[in-house]
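# Structural characterization, general
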Amino acid sequence: MYANTEFRKSRPTTRQVAAAQDTLDVPSGQTQEDIEQNFSVMLENASDAVLLVDHDGQIRADNARARSLFGYKPGQLPGQSVDQLVPAHVRGGHQALRKSYMDTPSPRPMGQGRDLNGVRADGSEFPAEISLSNLNLDGRLLILVFVSDITERKRAEEAVVQAGKMAAIGELAGNIAHEVNNPIGIISAKARLLISTLGDELPDKAQLELEKMIAQCDRLGKLTRGLLDFSRPSVSEMSPIDIHGPLRTALGMVSDRLTRHRVELHERLFAQDPLVMGSENELQQVFLNLLLNAIDAIRGGGQLALSSDLVGDGDQPDRVAIRIRDDGQGIPAEQLDKIFEPFFTTKQDTGTGLGLSICAGLVRSHGGTLTVDSCEGEWTEFTVTVPLTQRRGP
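Because the structure is a prediction, the values reported are computed rather than measured.

## Some details on the overall build of the protein
Along the backbone of the protein there are 10 helices and 13 strands. Sorting the 394 residues of the protein into buried and exposed places 39% on the buried side. The contacts in the protein between residues at least 6 apart in sequence include a share of 65% that link residues at least 24 apart. About 21,300 Å² of surface is accessible on the protein, with carbon and sulfur atoms providing 50% of the total.

## Observations concerning the pairing of strand β9 (residues 274–278)
The element β9 is largely enclosed, with a buried count of 4 among its 5 residues. Note: strand β7 (residues 239–242) against β9, 4 bridges, orientation antiparallel. Bridging from a neighbouring strand, Asp-242 pairs with Leu-275 of β9.

## Side note on the environment of Cys-359
Mapped onto the elements of the fold, Cys-359 is located in helix α10 (residues 355–365). With sequence-adjacent residues up to four places away left out, Cys-359 is seen in contact with Gln-285, Val-286, Asn-289 and Leu-370.

## A short note on the packing of aromatic side chains
With the rule as written, the count across this model stands at 2 aromatic pairs. With centroids separated by 6.3 Å and ring planes inclined at 80°, the aromatic side chains of Phe-340 and Phe-382 adopt a geometry described as edge-to-face. Of this pair, Phe-340 sits in the loop between β11 (319–326) and α10 while Phe-382 sits in strand β13 (residues 379–391), and the two are 42 residues apart along the sequence. Relative accessible area serves as the criterion here: at 22%, Phe-340 is assigned to the partly exposed category. A cation sits over an aromatic face here: Arg-325 above Trp-379, 4.0 Å from the ring centre.

## Describing the nonpolar core
In this structure, Phe-287 and Val-384 are the most contacted members of the largest nonpolar core, which totals 38 residues. Contributions of two or more residues to this core are made by α7 (244–253), α9 (280–297), β10 (302–311), β11, α10, β12 (369–375) and β13. Per-element tally for this core: the top contributor is α9, with 8 residues. Beyond its immediate stretch of four places on either side in the chain, Phe-287 contacts Ile-243, Pro-246, Leu-247, Ala-250, Ile-322, Ile-324 and Val-384. Ala-66, Tyr-72, Val-82 and Leu-141 belong to the second-largest nonpolar core, a separate cluster that totals 23 residues.

## As for the pattern of salt bridges
Opposite charge on two side chains makes pairing possible when the charged atoms of those side chains draw close. Scanning the entire structure with this criterion turns up 10 salt bridges. Taking the shortest distance from any N to any O, the salt bridge between Lys-205 and Glu-209 comes out at 3.9 Å. Of the two residues, Lys-205 and Glu-209 are both situated in helix α6 (residues 204–231); the distance of 4 residues between them amounts to about one turn of the helix. The salt bridge involving Asp-318 is made with Arg-319; its shortest N-O contact spans 2.9 Å. Given the relative accessible area of 23%, Arg-319 is considered partly exposed. Overlapping salt bridges, with partners in common, bring together Lys-205, Glu-209 and Lys-212 in one network.

## Digging into the packing of α9 against α10
Relative to each other, α9 and α10 sit at 145°, their axes nearing to 9 Å. By crossing handedness, the relation of α9 to α10 is classed as left-handed. Here Glu-282, Gln-285, Val-286, Asn-289, Leu-290 and Asn-293 of α9 lie close against α10, whose contacting residues are Gly-355, Leu-356, Ile-358, Cys-359, Leu-362, Val-363 and Ser-365. Class assignment for the residues of the contact of α9 with α10 results in 7 nonpolar, 5 polar and 1 charged.

## Details of unusual backbone geometry
Of note in the backbone geometry, Arg-262 takes a positive phi value of approximately 55° without being a glycine. Overall, the relative accessible area of 57% leaves Arg-262 in the exposed class.

## Here's the deal with helix α4 (residues 91–103)
Taking 1.5 Å of rise per residue, the 13 residues of α4 would be expected to cover 18 Å, and the 18 Å separating its terminal C-alpha atoms lies within 8% of that figure. Listed as buried for α4 are His-94, Arg-98, Tyr-101 and Met-102. Taken end-on, α4 shows its buried residues confined to a sector of 100°, consistent with a single buried face. Those residues of α4 that are exposed and angled more than 90 degrees off the buried face are Lys-99 and Asp-103.

## Describing the packing of α7 against α9
Packing of α7 against α9 leaves a shortest axis separation of 8 Å and a crossing angle of 45°. Comparing their axes, α9 and α7 come out oblique. Between α7 and α9 the crossing geometry is right-handed. In this structure, α7 contributes Gly-245, Pro-246, Leu-247, Thr-249, Ala-250, Leu-251 and Met-253 to the contact, and α9 contributes Glu-280, Leu-283, Gln-284, Phe-287, Leu-288 and Leu-291. For the contact of α7 with α9, a count of residues per class yields 9 nonpolar, 3 polar and 1 charged.

Cut-offs used in this document
Residues numbered from 1 in each chain as written. Predicted model: local features only at pLDDT ≥ 70, side-chain atom pairs only at ≥ 80, totals over all residues. Heavy atoms only, no water. Helix = DSSP H or I, 4+ residues; strand = E, 2+ residues; numbered from the N terminus. Buried < 20%, exposed > 50% of the residue type's maximum accessible area, 1.4 Å probe, protein only. Contact = heavy atoms within 4.5 Å. Areas by Shrake-Rupley, 256 points an atom, 1.4 Å probe, with all protein chains shown as cover. Pairing = 2+ DSSP bridges. Phe/Tyr/Trp six-rings, centres within 6.5 Å; stacked < 30°, edge-to-face > 60°. Lys NZ or Arg CZ within 6 Å of the ring centre and 35° of its normal. Core = buried A, V, L, I, M, F, W, Y, C linked by side-chain atoms within 4.5 Å. Salt bridge = Lys/Arg side-chain N within 4 Å of Asp/Glu carboxyl O. Axes fitted to C-alpha atoms, helices over the stretch in contact; angles between N-to-C directions. Left-handed = near helix turned anticlockwise from the far one by under 90°. Nonpolar A, V, L, I, M, F, W, Y, C, P; charged D, E, K, R; others polar. Expected span 1.5 Å × (residues − 1). Arc of directions from axis to C-beta. Parallel < 35°, antiparallel > 145°, perpendicular 65-115°, else oblique.

Okay, here's the thing in structure tokens:
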């Protein structure tokens, strides 16, 4: 806990009082037990997690917020070492920092620029911000440790960084696509011209090589189209539509492929027509991509399930969720966090790694979310959730 950032003006009054002096001198005549008792009474309901720690790093007292944050019951933390509240792999370094601080105690940032995680009773970790203040009790040093869970702040910072990266990638992708598209088109056209004009005059090997060139040009063309789609922001007009419409259209487009690959389809769509504010073409593109991926995952026979439900946080549903689930090969757990990243693909020979990124962007432009859940070797389920605008029927 002995690595911190500087005090913030937004801290509660309890912290402002504790940090008001370099060292808080406690009047003589009060025992350590008195201080711990007074501490518990004064700070039990403070909004910050606060610990009272002695010179040896032993926790002398805590408050309700500290117990809640770290997942302990009343009476469990006092008597324990504060080192147990940091990850095991950094405890040695934390002990050194703590001892260094005790040698020269003053409310100051410790380990500036160093990330620090707290450890809960169940072993889970969370990013923490730590601030320290001192209590001088007749020459004996006690430390007030203020702990804040900064998980949400970290997520917000990461989201800003990711948004910047995505904007840069989008601009770069668009430029590359424009530069590459014309040469690809010319190469493909020339190869096709040679085949069509010379025909039987070409040796079989030469014709085969030209056909390979055309196939690779087509693949590059698909990639550049994906890059352009990825780099262009959505400008489609939104209107109230039945979300089942683009889903059924996409399903009709893959019906032959379902039969060819012996995929058994199961539908369980919401009886009424959920209306969303959206673009028919863009949602159709999303569903088509997800359906094709599902069929590829179960090629050779399997089951594909489509379902739709109205969902919401309260009694009144405010969103519609479309789920596409296959019983194919699944996605390894370590790849789930990367599945929507640009250029990440599990289809090494045919994939461009842009399909799911584009789909996620299109769903976001509808105010919705695209999520994935999977069990490797058993199943994968993609869920498209979009806000409702209204609902037909009684």
